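Listed here are the chains, written in short residue letters.
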Amino acid sequence: MSARRTLAVMLAVPAAALGTLLAPALASAAQGGGEEQIDVRVSIPDPGKFEVTDAQFRWGVNTEMTSGSFFGGCNFLSAGVAGDAGASRLWEESDGLYKPRDGNSRIEAPDAAGEWAVDSWATKCQDASGRDVGTGYDEPGTGAQAVIDKGRGSIDTAKGTAQISWKGSFSLVMYGGMTYWSLSDPVLSVSNGRGKLTATASGYGSDMNDTSKWSKLAETSITMADLPQVDLGKNGIITTPAYKAVSTPGTGDAAQSRTGDWWGSFPESWIEFNAATGQAGYWFSTGGKRDAAKVASDVYISYSPQNPVVEKPGAGTGSTPEAQEQAAGNTEDSNDTSLGGGSPSSATTTTTILQQAAGALSAPLAELSGAGTTVL
């Protein structure tokens, strides 16, 4: 009595290897005198399409986010959604508001050994050398980045599409805690070489001119970054968010300056949310001496933390487009990353210094008037 069996095979190997893999099954059939027929159904996965289950998100937001502030010591990143301080005031370590880690999220900064290390309350305002960061026009900041692991989604390099989501949060704290808000559960969407990062914004309303104002803000879905050029590298993605030459109507408290090399803006929904936090003017060009520091930093997304696309921050590594592309596994040129995406060790040219100095000298006098008024 003859029998018929169906053998289903799922292979993630080249079709040329089928003969070797199926030889035992075929030999077994031959030994049975041909009484048993074996149908072999082979499904070979698309080599350009794959799933990710531990993708890593990294972002320093911009240089201003990890630089000194004109009051309160510095601006800094904190893991998780920061709790209610009860008022617009400076944070204290004992508050428990600051967190270096929270769930899938953590804050990392360059250390003296040239490695990424989890930040701390004691070091959040210091660069890798232990120097307290300042407010100068060429201040590079601490170089800290928000890191979220365990991203899940799918990549299709052939179609140029990607969808990855993370469960994690980080908070953007300015003036030592006088004003802060949080971003939660980022989602990356990529299609036709362009992408977008969205997240849920939450936080507290404040007013730099009236520190008695304090209110909880409704959670709002916003665009973290528009990504005009996204190359899906073999190890991940390094991409520069749109900022330069992006216009915004500004807010009632601040108008956008559209002159010079550094004029631009974060996405409009980001600006609108921050009109209530009191931070709006820090996310678009206002003509101040720190406009260059507002440019959005590069976003780093690794398909696996075991093969990260971000470089070590040690001296001499830099963050040149060529080095970034090599880390990501791309071969084409990336977007301009001359400012905002570079590491603290990136070289600053004489031309850049002169351009920044010119911007500082042309800052509106209105920004310098009166106590309590800060230079954005």
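Before reading on, note that the structure itself is shown above.
Right, let's walk through the structure included here. Treat the numbers as computed from the prediction; the structure is a model and nothing was measured.

Conventions we followed
Residues numbered from 1 in each chain as written. Predicted model: local features only at pLDDT ≥ 70, side-chain atom pairs only at ≥ 80, totals over all residues. Heavy atoms only, no water. Core = buried A, V, L, I, M, F, W, Y, C linked by side-chain atoms within 4.5 Å. Buried < 20%, exposed > 50% of the residue type's maximum accessible area, 1.4 Å probe, protein only. Helix = DSSP H or I, 4+ residues; strand = E, 2+ residues; numbered from the N terminus. Lys, Arg positive; Asp, Glu negative; His and termini not counted. Salt bridge = Lys/Arg side-chain N within 4 Å of Asp/Glu carboxyl O. Polar contact = N/O pair within 3.5 Å; in protein donor to acceptor, adjacent residues only side chain to side chain. Contact = heavy atoms within 4.5 Å. Disulfide = S-S within 2.5 Å. Phe/Tyr/Trp six-rings, centres within 6.5 Å; stacked < 30°, edge-to-face > 60°. Arc of directions from axis to C-beta.

Among the nonpolar cores identified, the biggest contains 54 residues, and Phe57, Val61, Phe170, Leu172, Leu183, Trp270 and Trp283 are the most heavily contacted of them. Counting residues per element, this core draws most heavily on strand E13 (residues 215-227), at five residues. Grouped together as the second largest cluster of nonpolar side chains are 14 residues, Cys74, Phe76, Tyr98 and Cys125 included.

Let's shift gears to the side chain of aspartate 119. For aspartate 119, the position within the fold is in the loop between strand E7 (116-118) and strand E8 (145-156). Lysine 124 provides the closest opposite charge to the buried, unpaired aspartate 119, separated from it by 8.5 Å. A polar contact is formed between the side chain of aspartate 119 and the side chain of threonine 123, at a distance of 2.7 Å. Not counting residues up to four positions away in its chain, the partners in contact with aspartate 119 are Tyr98, Pro100, Ile107, Glu108, Ala109, Lys124 and Ala144.

As for its position among the elements, asparagine 274 is in helix H2 (residues 268-277). A relative accessible area of 0% places asparagine 274 in the buried class. Only 3.1 Å separates the side chain of asparagine 274 from the side chain of tryptophan 181, close enough to count as a polar contact. With residues up to four places along the chain from it excluded, the contact list for asparagine 274 reads Trp181, Gln279, Ala280 and Trp283.

All right, on to unusual backbone geometry then. In this structure, aspartate 185 takes a positive phi of about 50° despite not being glycine. Inspection of the secondary structure puts aspartate 185 in strand E11 (residues 179-191).

Let us look at the state of the cysteines. Per the counting criterion, the structure on display carries one disulfide. Disulfide partner of cysteine 74: cysteine 125, at an S-S distance of 2.0 Å. Across the S-S bond linking cysteine 74 and cysteine 125, the dihedral sits near -65°, which makes this disulfide left-handed. In this pair, cysteine 74 is assigned in the loop between strand E3 (49-59) and strand E4 (76-79) and cysteine 125 in the loop between E7 and E8, connecting sequence segments 51 residues apart. You can call cysteine 74 buried: its relative accessible area is 1%. Judged by its relative accessible area of 18%, cysteine 125 is buried.

With that settled, the discussion passes to the pattern of salt bridges. All chains considered together, the criterion is met by twelve salt bridges. A salt bridge links aspartate 95 to arginine 89, with the nearest nitrogen and oxygen atoms 2.9 Å apart. Residue aspartate 291 pairs with lysine 294 through a salt bridge whose shortest N-O separation is 3.2 Å. The pair aspartate 291 / lysine 294 is uniform in exposure class, with both members buried. One network of salt bridges, in which partners are shared, links Arg58, Arg106, Glu108 and Asp149.

This part takes up the packing of aromatic side chains. Considering all chains together, one arrives at 19 aromatic pairs under this definition. Taking 6.5 Å as the distance between ring centres and 25° as the angle between the ring planes, the aromatic pair formed by phenylalanine 57 and phenylalanine 170 counts as stacked. With phenylalanine 57 in strand E3 and phenylalanine 170 in strand E10 (residues 169-174), this pair connects stretches of sequence that are 113 residues apart. Assessed through its relative accessible area of 0%, phenylalanine 57 is described here as buried. Judged by relative accessible area, phenylalanine 170 falls into the buried class, the value being 1%. Judged by centre distance (5.9 Å) and plane angle (65°), the rings of phenylalanine 76 and tyrosine 98 are edge-to-face. Taken together, the residues span a long stretch of sequence, with phenylalanine 76 in strand E4 and tyrosine 98 in the loop between E4 and strand E5 (101-102) at a distance of 22 residues. The exposure classification of phenylalanine 76 matches that of tyrosine 98, with both residues buried.

When we look at burial in H2, the residues that qualify are Trp270, Ile271, Phe273, Asn274 and Thr277. The buried side chains of H2 occupy one side of the element, clustering within an arc of 165° when seen end-on.

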